[in-house]
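Coordinate inspection notes
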Amino acid sequence: MVKKKVHHDEEADEKWLLPYSDMLTLLLALFIVMFAMSEIDKAKFQEFNQKFGVIFSGGSGLLENGGNSVAPNTSVVSDSSAEETNMNKIKKTMDKEIGNSGYKDNVKVVLNDEGLQISIQDLVLFNSGDAEVLKEVTPLLLKICKTLYGLDNNIKIVGHTDNVPVHNEKFRSNWDLSAIRAINVMNFMVDSGGISPDKVSIEAYGEYMPKYDNSTAEGRAKNRRVEIYIVRKYPITKDNNQTNNKK
């Protein structure tokens, strides 16, 4: 009986079929999942496409423009638009409260790329050369806190002075004065206004970030201020920026 000779070379040549078959199966499963995701949630599909493209294409989107660009993260755009709408509502509410409180000339609310900025001149908050928050302004600060309560945004409180030197028993410099003023406003907002302490920080610039001319009494008065920033969580989009410029 003659045994049939096994052709080992042919067997070796056919082994590539197994990994090729596995790869085709995985690709088929991938496109089924991606198709299902696109039908369920277009935004999630785009986000998945972007991440998948970064992994396999060195930073390029896989399924758009021949695989040469990153798919836009529509969820971030949506969050930015929602945040912009909310900040505009807060600004309108604050403008109304400030007007009703009689502080329209000394308290300004501005919406910019950094976020919502409430600028309060020092004469509203403090006595000259002092850092204790005046009782007369506490109703306004409480209204501001009430408007901000529940926001998930970080809040930054920034102190500024004019360029007139300060050196006494309480404050060694304008830096000291601007810092203590910012701290005292922060303490009031946390202790009396219910603002979450883990969302609040302070900055102090003394005389070194003036917005107005320090050579005039009017300019110095405007430079002595405390600014409360509601910091954006999401970068402003082009459409939102155009909307702001129209206001």
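About the thresholds
Residues numbered from 1 in each chain as written. Predicted model: local features only at pLDDT ≥ 70, side-chain atom pairs only at ≥ 80, totals over all residues. Heavy atoms only, no water. pLDDT = per-residue confidence, 0-100. Helix = DSSP H or I, 4+ residues; strand = E, 2+ residues; numbered from the N terminus. Contact = heavy atoms within 4.5 Å. Pairing = 2+ DSSP bridges. Axes fitted to C-alpha atoms, helices over the stretch in contact; angles between N-to-C directions. Buried < 20%, exposed > 50% of the residue type's maximum accessible area, 1.4 Å probe, protein only. Arc of directions from axis to C-beta. Salt bridge = Lys/Arg side-chain N within 4 Å of Asp/Glu carboxyl O. Phe/Tyr/Trp six-rings, centres within 6.5 Å; stacked < 30°, edge-to-face > 60°. Lys NZ or Arg CZ within 6 Å of the ring centre and 35° of its normal. Core = buried A, V, L, I, M, F, W, Y, C linked by side-chain atoms within 4.5 Å. Expected span 1.5 Å × (residues − 1). Polar contact = N/O pair within 3.5 Å; in protein donor to acceptor, adjacent residues only side chain to side chain.

A few words now on the confidence of the model for the protein. Model confidence for the protein is summarised by a mean pLDDT of 81, while 69% of its residues fall at 70 or above. Confidence, expressed as mean pLDDT per element, reaches its minimum in the protein at helix H3 (residues 42–57) with 52 and its maximum at strand E3 (residues 155–160) with 98. In this model residues 52–70 is a low-confidence stretch, pLDDT under 50, and it forms 32 contacts with partners more than four residues away in sequence or in other chains.

We now examine the sheet that holds strand E2 (residues 115–121). Pairing in this open sheet of five strands is mixed, and the strands run E1-E2-E5-E3-E4 from one edge to the other. Looking at strand neighbours, the two that pair on one side only are strand E1 (107–111) and strand E4 (200–204), the edges of this open sheet. Strand-to-strand, the axes of this sheet are offset by a mean angle of 20°, without reference to chain direction. The strands that helix H6 (residues 138–148) touches are E1, E2, E3 and strand E5 (225–231); relative to E2, the one it contacts most, it runs at about 175°.

The next subject is H6. Of all the positions in H6, only Thr 138, Leu 140, Leu 141, Ile 144, Cys 145 and Leu 148 are classed as buried. Burial along H6 is one-sided: seen end-on, the buried residues are contained in an arc of 160°. Looking one or two places after H6, you find Gly 150, whose phi comes out positive at around 95°.

Turning to the pairing of E1, a few remarks are in order. Successive side chains on a regular strand alternate, one facing one side of the sheet and the next facing the other. A one-sided burial pattern is seen for E1, the buried positions being Val 107, Val 109 and Leu 111 and the unburied ones Lys 108 and Val 110. Hairpin geometry of E1 and E2 is characterised by an intervening segment of three residues between the two adjacent antiparallel strands.

The next subject is the pattern of salt bridges. Oppositely charged side chains may form a pair once their charged atoms are brought near each other. For the coordinates displayed, the defined rule picks out 15 salt bridges. Ionic pairing is found between Lys 91 and Asp 95, a salt bridge with its closest N-O pair at 2.9 Å. Of this pair, Lys 91 and Asp 95 are both found in helix H4 (residues 74–101), four residues apart, which corresponds to roughly one turn of the helix. In this structure, the salt-bridge partner of Asp 162 is Arg 224, at a minimum N-O distance of 2.7 Å. One end of the pair, Asp 162, is in the loop between E3 and helix H7 (174–191); the other, Arg 224, is in the loop between helix H8 (217–223) and E5, and 62 residues separate them in sequence. We classify Asp 162 as buried; its relative accessible area is 6%. Each of Asp 122, Asp 162, Arg 181 and Arg 224 takes part in salt bridges that share partners, so that together they form one network.

Counted under the stated rule, the structure contains one aromatic pair. Residues Trp 175 and Tyr 208 carry aromatic rings whose centres are separated by 5.3 Å and whose planes lie at 45° to one another, so their mutual orientation is tilted. One end of the pair, Trp 175, is in helix H7; the other, Tyr 208, is in the loop between E4 and H8, with 33 residues separating them in the sequence. Sitting over the ring of Tyr 229, Lys 156 keeps its end group 5.1 Å from the ring centre.

What follows deals with the nonpolar core. Membership of the largest hydrophobic core comes to 33 residues, with the highest contact counts inside it found for Ile 118, Ile 120, Leu 148, Ile 157 and Val 185. Where this core is concerned, the elements lending two or more residues are H4, E1, E2, helix H5 (122–125), H6, E3, H7 and E5. In this structure, Ile 118 is in contact with Met 94, Val 107, Lys 108, Val 109, Ile 144, Val 226, Glu 227, Ile 228 and Ile 230, ignoring residues within four places of it in sequence.

Here the focus is H7. The end-to-end C-alpha separation of H7 is 25 Å, in line with the 26 Å expected for 18 residues at 1.5 Å each. For H7, the full list of buried residues reads Asn 174, Leu 177, Ser 178, Ala 179, Arg 181, Ala 182, Asn 184, Val 185, Met 186, Phe 188 and Met 189. Taken together, the buried residues of H7 touch H5, H6, E3, E4 and E5. By the N-cap criterion, in which a side-chain oxygen at the helix start approaches the backbone nitrogen of a residue two or three places on, H7 is capped by Ser 173, the distance to Trp 175 being 3.3 Å.

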